[in-house]
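In case you want the letters, here they are:
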Amino acid sequence: MGLFTKKEDSPAKMEKTVEEFMMLIRVYYQGVIAMNLGVTNLNILPDMALFKRMLKIPTQQNKLGLGEKNAVKKILMADYGLNENFFKEIDASIKKNCKTQQHIQPYFFKFQGFNNELFTLLDGLMKWKFRLSMLFKKALKKQTAKVVNEIMTRSEWDNVEEQKKAWSVRKYAETMGYSEAWVSDLVYTMMVLARDNARKSARKKKEDQS
């Protein structure tokens, strides 16, 4: 299993893949939720539980979530280039939408729905699966910002299905409290990871054939 695999030269770093990035994002969400709601049952926060066990994160100040949140935030900022504002928006979103433990599951359903609609739409708009290997980071960031802006602001679409998905993404973002900049940062990070992973796979395939 690749999740939370430790590198020999740095136990704090993870294998940088799209899947592990999203796992780390969920760990941050769950750390904030644990802190805000005083969660004591680690089993209801499975991603954070795995992270805590694998990296042996100690519980700080007898408060579940504090040490885990700080540890995963450090990794996401250092290894994935996310900024402080990205985490502030998550904090504010959870504070707004998760007021009791009964809100945890519905909140994660919303987050999953948001991601599904967003990346299904991007799949068609950016053709990213086919173009990633040709884009440098600067060009990719510019293209990502342009497409996300279109999703968040465009009122009329030629394709009815794309319009429905764009409106759905916009509604999710509004409900959860995420700005266009936050969405763009999330998408860009995942695009860079997908591009780099595609390049690694292509190199490995070429080496295996030689």
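Right above here is the structure, for reference.
Below: a short report on this structure. Because the structure is a prediction, the values reported are computed rather than measured.

About the criteria used
Residues numbered from 1 in each chain as written. Predicted model: local features only at pLDDT ≥ 70, side-chain atom pairs only at ≥ 80, totals over all residues. Heavy atoms only, no water. Salt bridge = Lys/Arg side-chain N within 4 Å of Asp/Glu carboxyl O. Helix = DSSP H or I, 4+ residues; strand = E, 2+ residues; numbered from the N terminus. Buried < 20%, exposed > 50% of the residue type's maximum accessible area, 1.4 Å probe, protein only. Core = buried A, V, L, I, M, F, W, Y, C linked by side-chain atoms within 4.5 Å. Contact = heavy atoms within 4.5 Å. Axes fitted to C-alpha atoms, helices over the stretch in contact; angles between N-to-C directions. Parallel < 35°, antiparallel > 145°, perpendicular 65-115°, else oblique. Nonpolar A, V, L, I, M, F, W, Y, C, P; charged D, E, K, R; others polar. Phe/Tyr/Trp six-rings, centres within 6.5 Å; stacked < 30°, edge-to-face > 60°. Lys NZ or Arg CZ within 6 Å of the ring centre and 35° of its normal.

With respect to the pattern of salt bridges
Point 1. Across all of its chains, the model carries six salt bridges by this definition.
Point 2. The salt bridge partner of Lys-52 is Glu-68, with a shortest N-O separation of 2.5 Å. Of this pair, Lys-52 sits in helix 2 (residues 46-55) while Glu-68 sits in helix 3 (residues 66-80), and the two are 16 residues apart along the sequence.
Point 3. Judged by its relative accessible area of 0%, Glu-68 falls in the buried class.
Point 4. Two residues, Lys-164 and Glu-161, come together in a salt bridge whose shortest N-O distance is 3.9 Å. Residue Lys-164 and its partner Glu-161 are both found in helix 8 (residues 160-176); the two are separated by three residues, about one turn of the helix.

With respect to the nonpolar core
Point 1. Core analysis: the biggest nonpolar cluster contains 63 residues, and Phe-21, Tyr-29, Leu-76, Phe-114, Ile-151 and Trp-182 have the highest contact counts within it.
Point 2. Of all the secondary-structure elements, those providing two or more residues to this core are helix 1 (18-37), helix 2, helix 3, helix 4 (84-97), helix 5 (104-126), helix 7 (137-153), helix 8 and helix 9 (180-209).
Point 3. The leading source of residues in this core is helix 1, at twelve residues.
Point 4. With sequence-adjacent residues up to four places away left out, Tyr-29 is seen in contact with Ile-90, Ile-94, Tyr-107, Phe-108, Phe-111, Tyr-178 and Trp-182.

What to know about the environment of Met-176
Point 1. In this fold, Met-176 is placed in helix 8.
Point 2. Classification of Met-176 as buried rests on a relative accessible area of 0%.
Point 3. Taking the C-alpha atoms as reference points, Met-176 and Phe-111, 65 residues apart in sequence, are found 8.1 Å from one another.
Point 4. Setting aside residues no more than four positions away along its own chain, Met-176 makes contact with Ser-93, Asn-97, Tyr-107, Lys-110, Phe-111 and Phe-114.

Quick notes on the packing of helix 2 against helix 3
Point 1. Across the interface, helix 2 lies against helix 3 with an axial gap of 11 Å and an inter-helix angle of 80 degrees. Taken together, the axis directions place helix 2 and helix 3 in an arrangement best described as roughly perpendicular. Only Glu-68, Ala-71, Val-72 and Ile-75 of helix 3 make contact with helix 2, whose side of the interface consists of Met-48, Phe-51, Lys-52 and Leu-55.
Point 2. A breakdown of the residues in the contact of helix 2 with helix 3 according to their chemical character gives six nonpolar, no polar and two charged.

As for the packing of aromatic side chains
Centre distance and the angle of the planes are the two values used to describe a pair of aromatic rings.
Point 1. Applying the stated criterion to the full structure yields ten aromatic pairs.
Point 2. Between Phe-86 and Trp-182, the ring centres sit 4.8 Å apart and the planes meet at 10 degrees, which makes this aromatic pair stacked. Taken together, the residues Phe-86 in helix 4 and Trp-182 in helix 9 connect sequence positions 96 residues apart.
Point 3. By relative accessible area, which is 1% here, Phe-86 ends up buried.
Point 4. Residue classification places Trp-182 among the buried residues on the basis of a relative accessible area of 1%.
Point 5. A ring pair is formed by Tyr-178 and Trp-182, whose centres lie 3.7 Å apart and whose planes are at 10 degrees; its orientation type is stacked. Both residues of the pair, Tyr-178 and Trp-182, count as buried.
Point 6. Just above the ring of Tyr-80 sits the side chain of Lys-16; from NZ or CZ to the centre is 5.6 Å.
Point 7. Geometry around Trp-157 places Arg-154 over its ring, the cationic atom sitting 4.4 Å from the centre.

What to know about the environment of Val-32
Point 1. Mapping Val-32 onto the fold places it in helix 1.
Point 2. On the basis of relative accessibility, which here comes to 3%, the residue Val-32 falls in the buried class.
Point 3. The contact partners of Val-32, leaving out residues within four places of it in the chain, are Lys-69, Asp-91 and Ile-94.

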